[in-house]
Amino acid sequence: MYNFNLKSSIYEFRVLSDFVDHFQLSPYDTVFTERFLYEKYFKGKLNCNFIFQDDYGLGEPSDIVIDKILIDIKDKPINRIIGIGGGSILDIAKLLSIKDATSTEDIFEENIPLVRDKGLILIPTTCGTGCEVTCVSVVDISRKNTKIGKRIEANFADSAVLIEELLDSIPERVFLYSSVDALIHAMEIYVAQTGNPYNDVFCESAIKIILSNYKKLVKDGIETRFEYMNEFLRASTFAGIALSNTACGAVHAFAMHFGSVHHVAHGESNARFLTEVFKKYAQISPNGKLEDLSKIINNALEIDTDLQGSFLALEELIDYLIPKKRLREYGVKEEDIEPYVDKVIETQQRLLKNNFVPLSRKELIDIYKGVY
Ligand SMILES: [Fe+2]
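These numbers were taken from a predicted model, which means no experiment stands behind them.

A. Quick peek at the overall build of the chain. Each helix and strand counted, the chain has 15 helices and eight strands in total. Against the compact-globule benchmark of 21 Å for 372 residues, the chain has a radius of gyration of 20 Å, which places it among compact chains. With respect to the three principal axes, the spread of C-alpha positions in the chain is 60 × 45 × 45 Å. Across the 372 residues of the chain, 56% fall into the buried class. Put simply, 74% of the contacts in the chain that link residues at least 6 apart link residues at least 24 apart. Total accessible area on the chain is roughly 16,100 Å²; 49% of this is exposed by carbon and sulfur atoms.

See the structure below:
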């Protein structure tokens, strides 16, 4: 049985003014964003209300921050919530659109019906999370001292809107870590045992776009990334569409735990585990979807090599753009490896079950040692 859903309407605009013309904003619309984006792009240009995440505290947003915002917007006449920003902004915007919500706990524990009474428009300003087309919100739950992802079926946006202009000054690091996250979504889901042929189309296309443009960046310089930004943005949404149907695998499982313990951003954490996980797959079972994936990689990079060769070429490419950093440099100790792997096994089964092949505890430890 296969099931594939695409619930949001997707729009692409080159500039913000085209979005404004099409969506006809009013004072009943509330944009949730960050101040620096407002100053750069929206000031005096959008006829609507604004809420700024930074007014509620800096750093990674937690349930405490979200609760304060929920209380502030309660009883305000809001027709549509428009989230504009990176992944966490979009994830919070989803929660703000829920009817009668006054706390994150009520939402996450389902103490209230999870229905929306507001329209929801999501506009990414990075090119990786795919959050604009998923219904999951990942929130740092302070009481539990960990990040938790909650899938809320009502929270697929009515419209996911890609506006190239909003990425016209994306910093190099943000660009690299977000686009590699999108690449990993596409690669993990493409080989996932729980994948489906409908996902494959979006994954294959995302991988091709990202890798072929990475190759150009290696040749012409990272500063030329803006020439291809609409393609990276689209690839990220393609991968997000797959992600809204199937979860990721071992790379994300490792990264979720490592990132949360060592406070390393999502894309950066993922980048550290990418090639080691796929090299392990290649060792264990160099065939099936992995072979298909290596052909996609060869095609995108215009190389002619065997499966091991294509994963090696991928590693060289990623290492060039995002130089390797060992986990020990982030503070991981050798004696941490086994307990960390046990914690990943304990808490990330939702992701590990999508692995291309089942990975034993020993194999997971080998991968960890490989990046340590
Ligand atoms: Fe991700």
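Moving on from the coordinates now.
B. Region of the structure containing the domain arrangement of the chain. For the chain, the assigned domains read domain 1 (9–167) and domain 2 (172–371). Every contact between the two is made by 18 residues of domain 1 and, on the other side, 20 residues of domain 2. Both sides together, the interface formed by domain 1 and domain 2 hides about 1,600 Å², and carbon and sulfur atoms give 64% of it. Arg234 serves as the salt-bridge partner of Glu12, at 2.7 Å between the closest nitrogen and oxygen. If you look at where domain 1 meets domain 2, you find five residue pairs in polar contact (both at pLDDT 80 or more). At the level of elements, strand 1 (9–13), strand 7 (146–151) and strand 8 (159–163) are the ones that each hand at least two residues to the side of domain 1 that touches domain 2. Class assignment for the residues of the side of domain 1 that touches domain 2 results in eight nonpolar, six polar and four charged.

C. Seen up close, the packing of aromatic side chains. Within this structure, the stated rule accounts for 24 aromatic pairs. Aromatic side chains Phe273 and Tyr368 sit 5.4 Å apart centroid to centroid with 65° between the ring planes, which places their arrangement in the edge-to-face category. In this pair, Phe273 is assigned in helix 10 (residues 266–284) and Tyr368 in helix 15 (residues 361–371), connecting sequence segments 95 residues apart. For the residue pair Phe273 and Tyr368, the accessibility class agrees, reading buried in each case. Between Tyr340 and Tyr368 the ring centres are 6.1 Å apart and the planes differ by 70°, which places this aromatic pair in the edge-to-face class.

D. Geometry of the sheet that holds strand 5 (residues 119–124). Strand order across the open sheet formed by six strands is 1-8-5-4-2-3, with parallel pairing between neighbours. Two strands in the sheet have a free side with no partner beyond their single neighbour: strand 1 and strand 3 (49–52). Between one strand axis and the next, the sheet turns by 20° as a mean value, whatever way the strands run. Here helix 2 (residues 35–42) sits on the sheet in contact with strand 2 (29–33), strand 3 and strand 4 (80–85), set at roughly 140° to strand 3.

E. Quick peek at the pattern of salt bridges. Using the criterion set out here, one finds 28 salt bridges in the structure. A salt bridge links Lys208 to Glu204, with the shortest nitrogen-to-oxygen separation between them at 3.7 Å. Separated by four residues within a single helix, Lys208 and Glu204 lie in helix 7 (residues 197–220), roughly one turn from each other. With relative accessibility at 37%, the residue Lys208 sits in the partly exposed group.

F. Layout of the pairing of strand 5. Strand 5 sits mainly inside the fold: six of its six residues count as buried. Side chains of strand 5 alternate between two faces, with Gly119, Ile121 and Ile123 and Leu120, Leu122 and Pro124 buried alike. Two strands pair when backbone bridges link them, and strand 4 and strand 5 are joined in this way by six bridges, in the parallel orientation. Pairing of Gly85 across the sheet is with Pro124, part of strand 5. In terms of strand pairing, strand 5 meets strand 8 through two bridges, oriented parallel. In the strand pairing of strand 8, Ile121 is matched with Ser159.

G. Just the side chain of Asp63, in detail. Position of Asp63 among the secondary structure elements: in helix 3 (residues 63–73). A distance of 2.8 Å separates polar atoms of two side chains, one belonging to Asp63 and the other to Ser142. Residues contacting Asp63, with those up to four places away along its chain left out, are Thr104, Val139, Asp140, Ile141, Ser142 and Arg143.

H. Local environment of the coordination of the iron ion. For the iron ion, the full set of protein donor atoms is Asp181 (OD), His185 (NE2), His252 (NE2) and His266 (NE2), and the range of their distances to it is 2.1 to 2.2 Å. In this structure, the iron ion is coordinated by four donor atoms arranged in irregular fashion, with angles at the metal of 88 to 167°. Ordering the donors of the iron ion by residue number gives the pattern D-x3-H-x66-H-x13-H. Linking Asp181 in helix 6 (residues 172–191) with His266 in helix 10, this pair joins segments that are 85 residues apart in sequence. Its relative accessible area of 3% is what places Asp181 among the buried residues.

Thresholds, definitions, all that
Residues numbered from 1 in each chain as written. Predicted model: local features only at pLDDT ≥ 70, side-chain atom pairs only at ≥ 80, totals over all residues. Heavy atoms only, no water. Helix = DSSP H or I, 4+ residues; strand = E, 2+ residues; numbered from the N terminus. Rg over C-alpha atoms; globule rule 2.2 N^0.38 Å. Buried < 20%, exposed > 50% of the residue type's maximum accessible area, 1.4 Å probe, protein only. Contact = heavy atoms within 4.5 Å. Areas by Shrake-Rupley, 256 points an atom, 1.4 Å probe, with all protein chains shown as cover. Domains from an automatic or database assignment. Buried area = accessible area lost by both parts, 1.4 Å probe. Salt bridge = Lys/Arg side-chain N within 4 Å of Asp/Glu carboxyl O. Polar contact = N/O pair within 3.5 Å; in protein donor to acceptor, adjacent residues only side chain to side chain. Nonpolar A, V, L, I, M, F, W, Y, C, P; charged D, E, K, R; others polar. Phe/Tyr/Trp six-rings, centres within 6.5 Å; stacked < 30°, edge-to-face > 60°. Pairing = 2+ DSSP bridges. Axes fitted to C-alpha atoms, helices over the stretch in contact; angles between N-to-C directions. Donors = N, O, S within 2.8 Å, 3.2 Å for Na, K, Ca; no water. Tetrahedral: all angles 85-135°; square planar, octahedral: opposite > 155°, others 65-115°.

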